[in-house]
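Summary of the model geometry
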Amino acid sequence: MHGLGISVSNRIIGEKEASWDFSDEAELIIAYRSSVRVIASDGFQAFTLREGEGVFIPPRVISSVIAADESAEIHAISFPLSVIWEDEESIVYKKYSEPILSISGSVSLSPKDAALIEKAFLAMTEKPYCYELITRNYLTSILISILVENEGMAHEKAYTNERLLGMMTYIKSHFSEAVSLSDIAASGNVSERECLRIFRKSLDTSPVQFLISYRLREGVKLLESSELQIAEISYKVGFESPSHFSRSFRSFYGISPSEWRRRLL
């Protein structure tokens, strides 16, 4: 659901293993039902969110959201910083986006700010009169709290791993194609050995395993949003055969693709 460039989603988190990703947009998450773990790729920024607790994930921070229990439900809001400060060339945008972008990991929110996530989520889903302005006010209030709490950090060296981001971007753009380890390494301008080291150190997984998990997540989206046959989905998301897709799916999610689809009925 979109408005002013803001998107909201209600997601069931079933994974108990990290599925790493990043976005050019900021994200606010509140644990709506049960508990989730939010982990940044440096391994140090980790939060367990219980029901009603929230977290802010800045743009281009590599992170993962996993279920702390059997399954969990989250409400998430994604938005570009330009939604709040509009013109990216303005003095205001440059003044306040810089400290937000300098934050290297996820930020745990106060109960007050976490409650504002839920209010913004309801405004976007129920759409009362002036809901766009109401939502933007809630998001602005949360960002003000984060800016005040992190005042003075703007000039600290931010944690960024451009090589890792470049390789993850390549995988996300080419996951439906035949992708090799050498392709991934070349996209980050590193050797295959260095590619393996970067993924293992930052994400505790291999490049190929990250590729497979990303393909599976894209497969889940198609299972839930389309009527395509499972064999068609397997090829669309880059598996060489339906049997490989099904084996990998069961290994990752604990059930088969057809069982996943049936439970949605």
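Let me sum up the structure you'll find in this document. (Residues numbered from 1 in each chain as written. Predicted model: local features only at pLDDT ≥ 70, side-chain atom pairs only at ≥ 80, totals over all residues. Heavy atoms only, no water.)

1. Section: the packing of helix α3 (residues 111-126) against helix α4 (residues 131-149)
Heads up, the condition is: Every axis in this analysis is a line fitted to C-alpha atoms, fitted for helices over the stretch in contact. Angles between the N-to-C directions lie between 0 and 180 degrees. Starting at the N terminus, helices and strands are each numbered in turn, a helix being any DSSP run of H or I of at least four residues and a strand any DSSP run of E of at least two. Each angle is binned into one of four classes, with values under 35 degrees roughly parallel, values over 145 roughly antiparallel, values of 65 to 115 roughly perpendicular, and all other values oblique. Left-handed describes a crossing in which the near helix is turned anticlockwise from the far one by less than a right angle; the clockwise case is right-handed. Only heavy atoms enter the contact rule, under which two residues are in contact if any of them lie within 4.5 Å. All residues other than Ala, Val, Leu, Ile, Met, Phe, Trp, Tyr, Cys, Pro, Asp, Glu, Lys and Arg, Gly among them, are scored as polar; the first ten of these are nonpolar and the last four charged.
α4 packs onto α3 with a crossing angle of 160° between their chain directions and a minimal axis gap of 9 Å. Taken together, the axes of α3 and α4 are roughly antiparallel relative to one another. As α3 packs across α4, the resulting crossing turns out to be left-handed. In this structure, α3 contributes Asp113, Leu116, Ile117, Lys119, Ala120, Ala123 and Met124 to the contact, and α4 contributes Tyr131, Ile134, Thr135, Tyr138, Leu139, Ser141, Ile142 and Ser145. Taken together, the residues that form the contact of α3 with α4 break down as 10 nonpolar, 3 polar and 2 charged.

2. Brief notes about the pairing of strand β3 (residues 26-33)
To keep things clear, this is the line we draw: With a 1.4 Å probe rolled over the protein chains alone, any residue whose accessible area is under 20% of its type maximum counts as buried; one over 50% counts as exposed, and the rest are partly exposed. The pairing criterion is simple: DSSP has to find at least two bridges between the two strands.
With 6 of its 8 residues buried, β3 lies for the most part within the structure. As paired strands, β3 and strand β8 (residues 72-79) are joined by 7 bridges and run antiparallel to one another. Across the sheet, residue Ala26 finds its bridge partner in β8, namely Phe79. Relative to strand β6 (residues 54-57), β3 is paired through 4 bridges, and the arrangement is antiparallel. Bridge assignment links Leu28 to a residue of β6, and that residue is Phe56.

3. Details of the sheet that holds strand β4 (residues 36-40)
The antiparallel open sheet is built from 3 strands, whose spatial order is β5-β4-β7. The open sheet is flanked by β5 (46-49) and β7 (63-67), the only strands paired with a single partner. Neighbouring strand axes in the sheet, compared pairwise and without regard to direction, differ in orientation by 15° on average. Here β4 pairs with β5 via 4 bridges, running antiparallel. Across the sheet, the residue bridging to Val36 is Leu49, located in β5.

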